[in-house]
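What follows is the residue order along each chain.
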Amino acid sequence: MNLPFILDLAIGLIFIYLILSLLASEIQELIATVFQWRAEHLKKSIEILLAGDVESAEEAHVIQLANRIYDNPLVKNINQEAKGLFVTIPRKITWAIGSLYRMVKKPRPGTDKSTSIFGDKKHSGPSYIPADVFATTLVETLQIPALVQKLAESRLKKFKEERLAEIEEIIIKLQEQTSGDENLANFFSNIYKKFAELRSEFEKTCWNFQQEKASLQTSLNRMAESFDRYIESFQAGMPEDELCGKALRRLKFLKKDIFDDIEQAILLGGLQPNINEVVQTIDKTSDIYKEIKAAIQDEDSETHQGIKNAFQTIETAVIENLPPSVVQNLAVLAKRAQARAKNTEEGMKALRLEIENTFDSSMERASGVYKRNAKGAAILIGLAIAITANADAIHMISRLSKDSALRDTITNSAGEIVLRNSTVNLDQLRQEADEVLTNISLPLGWGDANLEQQIRWTRQSKTTFPYLKILALIPGWLLSGIAIAMGAPFWFDLLNKVVNVRNSGKRPNHYVRNVDEKEEE
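Fair warning: this is a prediction, and the values are worked out from it, not measured in the lab.

### What to know about a positive patch on the surface
(1) Moving on: Taken together, the side chains of Lys173, Lys246, Arg249 and Arg250 define a basic patch exposed on the protein surface.
(2) Moving on: The element best represented in the positive patch is helix H10 (residues 242-259), accounting for 3 residues.
(3) Moving on: Inspection of the secondary structure assignment puts Lys173 in helix H7 (residues 144-177).

### Side note on the confidence of the model for the chain
(1) Moving on: On average, the chain scores 81 in pLDDT, and the residues at 70 or more come to 83%.
(2) Moving on: Summarising per-element confidence for the chain, the mean pLDDT is lowest in helix H23 (residues 509-520) (40) and highest in helix H21 (residues 474-485) (94).
(3) Moving on: Confidence drops under a pLDDT of 50 for residues 505-521, and excluding neighbours within four residues, the segment shows 3 contacts in the predicted structure.

### Side note on helix H2 (residues 37-51)
(1) Moving on: Between its terminal C-alpha atoms H2 stretches 21 Å, which fits the 21 Å expected from 15 residues at 1.5 Å a residue.
(2) Moving on: The buried fraction of H2 amounts to 11 of the 15 residues, a majority that puts the element mostly inside the structure.
(3) Moving on: Remark: Gly52 follows H2 within two positions and exhibits a positive phi of approximately 95°.

### A short note on helix H19 (residues 426-437)
(1) Moving on: Here H19 is 12 residues long and its end C-alpha atoms lie 16 Å apart, about the 16 Å a rise of 1.5 Å per residue gives.
(2) Moving on: Taken as a whole, H19 has its buried residues at Leu429, Arg430, Glu432, Ala433 and Val436.
(3) Moving on: Where H19 is buried, its residues meet helix H1 (3-35), helix H18 (404-420) and helix H22 (488-502).

### Section: the nonpolar core
(1) Moving on: Membership of the largest hydrophobic core comes to 44 residues, with the highest contact counts inside it found for Phe15, Tyr17 and Leu495.
(2) Moving on: Elements with a contribution of two residues or more to this core: H1, helix H16 (344-388), helix H17 (393-402), H18, H19, helix H20 (448-455), H21 and H22.
(3) Moving on: It is H1 that contributes the most residues to this core, 13 residues altogether.
(4) Moving on: Those residues in contact with Tyr17, other than ones at most four positions away along the chain, are Ala393, Met396, Ser480, Ala483, Ile484 and Trp491.

### Let's talk about the environment of Gly119
(1) Moving on: Examined against the element boundaries, Gly119 turns out to sit in the loop between helix H5 (85-104) and helix H6 (131-141).
(2) Moving on: A C-alpha to C-alpha distance of 8.1 Å links Gly119 and Asp71, two positions 48 residues apart in sequence.

### Some words on the pattern of salt bridges
(1) Moving on: This model, assessed by the stated rule, comprises 13 salt bridges.
(2) Moving on: For Lys255, the salt bridge goes to Asp228, with nearest N and O atoms at 3.5 Å. Of this pair, Lys255 sits in helix H10 while Asp228 is found in helix H9 (residues 216-236), placing the two residues 27 residues apart along the sequence.
(3) Moving on: Lys255 gets classed as buried once you look at its relative accessible area, which sits at 18%.
(4) Moving on: Assessed through its relative accessible area of 31%, Asp228 is described here as partly exposed.
(5) Moving on: Here Asp403 makes a salt bridge to Arg399, at a shortest N to O gap of 3.7 Å.
(6) Moving on: With relative accessibility at 18%, the residue Arg399 sits in the buried group.

### Some points on the packing of H6 against H16
Describing two packed helices takes the angle between their axes plus the distance from one axis to the other.
(1) Moving on: In contact at an axis separation of 8 Å, H6 and H16 are set at 125° when each is read in the N-to-C sense. When the axis of H6 is compared with that of H16, the two are oblique. Regarding H6 and H16, the two cross each other, and that crossing is right-handed. Seen from H6, the contacting residues are Ala131, Asp132, Phe134, Ala135, Thr136, Leu138 and Val139; seen from H16, they are Met348, Arg352, Ile355, Glu356, Phe359 and Asp360.
(2) Moving on: Its residues assigned to classes, the contact of H6 with H16 shows 8 nonpolar, 1 polar and 4 charged.

Scoring rules and cut-offs
- Residues numbered from 1 in each chain as written.
- Predicted model: local features only at pLDDT ≥ 70, side-chain atom pairs only at ≥ 80, totals over all residues.
- Heavy atoms only, no water.
- Patch = residues over 30% accessible without salt bridge, like charges linked within 9 Å, V, L, I, M, F, W, Y side chains within 5 Å.
- Areas by Shrake-Rupley, 256 points an atom, 1.4 Å probe, with all protein chains shown as cover.
- Salt bridge = Lys/Arg side-chain N within 4 Å of Asp/Glu carboxyl O.
- Lys, Arg positive; Asp, Glu negative; His and termini not counted.
- Charge placed at Lys NZ, Arg CZ, Asp CG, Glu CD.
- Helix = DSSP H or I, 4+ residues; strand = E, 2+ residues; numbered from the N terminus.
- pLDDT = per-residue confidence, 0-100.
- Contact = heavy atoms within 4.5 Å.
- Expected span 1.5 Å × (residues − 1).
- Buried < 20%, exposed > 50% of the residue type's maximum accessible area, 1.4 Å probe, protein only.
- Core = buried A, V, L, I, M, F, W, Y, C linked by side-chain atoms within 4.5 Å.
- Axes fitted to C-alpha atoms, helices over the stretch in contact; angles between N-to-C directions.
- Parallel < 35°, antiparallel > 145°, perpendicular 65-115°, else oblique.
- Left-handed = near helix turned anticlockwise from the far one by under 90°.
- Nonpolar A, V, L, I, M, F, W, Y, C, P; charged D, E, K, R; others polar.

Written as structure tokens, this is what we have:
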């Protein structure tokens, strides 16, 4: 037994397992598509990420939150489905088979048998979700931007009332100090009229902010402009009086102290929530959440009824059923993001980035779990193929070692496939393998030729089938099943290496070039 013989034997065995692995990969891909293994595994991995552990992932409120994420248009758009009759019919058959498979399983908490793992009236889900889409979808599903807006609204309202109270206090104090002077009656009448206009302008500014027609900075700038006009009106109608002059200076000082630096006013007034406060808006036990609720509940006017209803919807649909693990995880991520954020906008971006990083890390672990599960399924499929095709590894080695014609045919065909394929392309390999198999009779199957060599029995024999002799084939089937589970890429790479060794490797480019030059001379 020399080296070329061993290499030819190895090439023959590797080629057979490559063919069987291509068949196994097609079967596994078909099963994964019908039962949507990838999409289902992704959904469960997201539920584990939200819950924090595997056990809590089966709780009803975790499943409901994941379903709301899948209801988001951003996620729906990922799961695009082709249109057309010839595409729809096979897909409906696939859905029907998948539905039967899920009906056998126990319903998930908070759902019934008619609800799939992807949510109500959903037949399928995406097999992949980008990290940025998940982060944006999670933030939107938790209604964090809406809650932050409500928090800023309540604080702006409080800021408005405090500023108006300070202005009114200056006027009342001036009126008390000049109570005996009847000449100031018209002045105070005009000032109170202008103060009512100032209050109305402040109210309008807050309303525009509530309707998201103006930013926080724009709103404070408008308040500052309204305050300037009020001071101008005060100064224009003010009589020559020392007390009035002192009141004017107090108004100007108040305006300068509050509105001279808008960013500082926002910061000192706490008008713009930091990222830690942002996350606390979804925690119903936090002071921030109670602050929002109290501010909204105090509004009894018809104007604010829509805002109150919107908050109650968020409270009922999201916060009441929110898993504690989500709040805790976001709080940890918010602390990381806070160091990089100067304002709420930057904080939200940093929070989304932290969610993306966490999602990527979780999906890497989920991918490892899926590969391990897929490898287990591949072994079962490999064993099934080995038994169905009667791929006895021991018999194949024996047959290849004795049949030189078969060995040479396989070796030549394998060499041609390697030369035509520099990289692993499963579709092309399947096509070329089908062409090769028409000319090769592999040592596989339950035909008489194989059975006679394996168990010394054929259908023409008058004896009954020797079932006990089948036990001798089991070790070979097990070896073949494990080998098939290694996958077509593994066997193709190995075939490529062995063929190159057999052919003494590829010649260097400079050697080929020198030979060509000599032939031209």
